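What the coordinates show
One-letter residues, chain by chain:
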Amino acid sequence: MAEELRSEEEQLEAIKRWWSENGKSLIAGVVLAGAGVFAFKAWQNYDASQSEAASVRYQQLISLVSQPKLEDAGVKQARTLIGELESEHGDSLYTQMAHLLDASMSVKANDLDAAATALQSVIDNSDDSYLQGLASLRLARINVERGDNDAALALLKSPLAPLAAQAAAVRGDALAAQDKRDEAIAAYQQASTLSQESGQPVYGLDLKLADLAAESSS
């Protein structure tokens, strides 16, 4: 029994010494761990609130640009919302989608340079491959409209599968504008095949093919 008591007393003394030497660092570690958990939860809450704020602004933007006719005041308000998304939620997916809407508004206003700038921003900054592909497709269309067909073709080298039919059609437009009729016909035929396979209609292909066939036979 004496041996057991002495052993217990020695163990107790050992525990006291260990606590004296390590207790403060242990407490600090627990506090830091607790602070880390708190910080992570706070970050999650902040991130969620930021995402919600960006979503609200984007919904407001959608409501504006979906109007049948957007007056100057509405355009100004839309630009303000886009600017707020850019400055406060620059890394958000909503901001990149807002740039796509910005480009659409610019096209309607016949400001192709502004539309091209908005689309290039999506291409350069978005982490979403589909949005990048969509922006590239729309920018290619604008380049064809501006007569920069080489730039349009460069953007269409590696189209995403969901956009392949539309990309082939725009490639046909660029080639037709360069008087490369045979290549343009092949691109339009590819667009037609891809459109049927994917079930995604691409309008005007038959008319474009007929026009090129008529030019070739004349």
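These remarks concern the structure in this document. No experiment lies behind these values; they were computed from the predicted model shown. Here the residue numbering is sequential within each chain, running from 1 through the sequence in written order. Reporting in this predicted model follows two pLDDT cut-offs: at least 70 for local features of residues, and 80 or more for side-chain atom pairs to be given and counted; totals over whole chains, interfaces and linings ignore these cut-offs and use all residues. By convention in this description, side-chain values take in all heavy atoms of the structure and omit both hydrogens and water.

**Observations regarding the packing of helix α7 (residues 164–177) against helix α8 (residues 181–198)**
To get an axis, fit a line to the C-alpha atoms, keeping to the stretch in contact for a helix; angles then go from 0 to 180 degrees between the N-to-C directions. Only DSSP runs of H or I covering at least 4 residues are called helices, and only runs of E covering at least 2 are called strands; the numbering of each starts at the N terminus. The N-to-C vectors of α7 and α8 enclose an angle of 165 degrees; their axes lie 8 Å apart at closest approach. Considering the angle they form, α7 stands roughly antiparallel to α8. As for the relative orientation of α7 and α8, their crossing is left-handed in sense. For the pair α7 and α8, the contacting residues are A164, A165, A168, A169, R171, G172, D173, L175 and A176 in the first and E183, A184, A187, Y188, Q190, A191, L194 and S195 in the second. Our angle categories are set so that under 35 degrees counts as roughly parallel, over 145 as roughly antiparallel, 65 to 115 as roughly perpendicular, and the remainder as oblique. The handedness criterion is simple: a crossing whose near helix is rotated anticlockwise from the far helix by less than a right angle is left-handed, and one whose near helix is rotated clockwise is right-handed. Residue contacts are counted whenever heavy atoms from the two residues lie within 4.5 Å of one another.

**With respect to unusual backbone geometry**
Even without glycine at this site, N110 takes up a positive phi of about 60 degrees. Among the secondary structure elements, N110 is positioned in the loop between α3 (93–108) and α4 (112–125). A residue is classified by how much of its surface remains accessible, and N110, at 64% relative accessible area, is exposed. Although it is not a glycine, D179 sits at a positive phi angle of roughly 60 degrees. Summary of the burial criterion: residues with accessible area below 20% of their type's maximum are buried, those above 50% are exposed, and those between are partly exposed, where the area comes from a 1.4 Å probe applied to protein chains only.

**Things to note about helix α5 (residues 129–146)**
Between the first and last residue of a helix there are one fewer steps than residues, each counted as 1.5 Å, and that sum is the expected span. When the terminal C-alpha atoms of α5 are compared, their 25 Å separation across 18 residues agrees well with the 26 Å that a helix rising 1.5 Å per residue should span. L131, G133, L134, A135, S136, L137, L139, A140, I142, N143 and V144 are the residues of α5 that are buried. Buried positions along α5 lie against α3, α4, α6 (149–155) and α7. Its side-chain oxygen 3.0 Å from the backbone nitrogen of Y130, D128 forms the N-cap of α5. Among the residues trailing α5, G147 stands out with phi positive, at a value near 85 degrees. Pairing of N or O atoms within 3.5 Å defines a polar contact, subject to two protein rules: one partner must be a possible hydrogen donor and the other a possible acceptor, and residues neighboring in sequence count only if both atoms are side-chain atoms.

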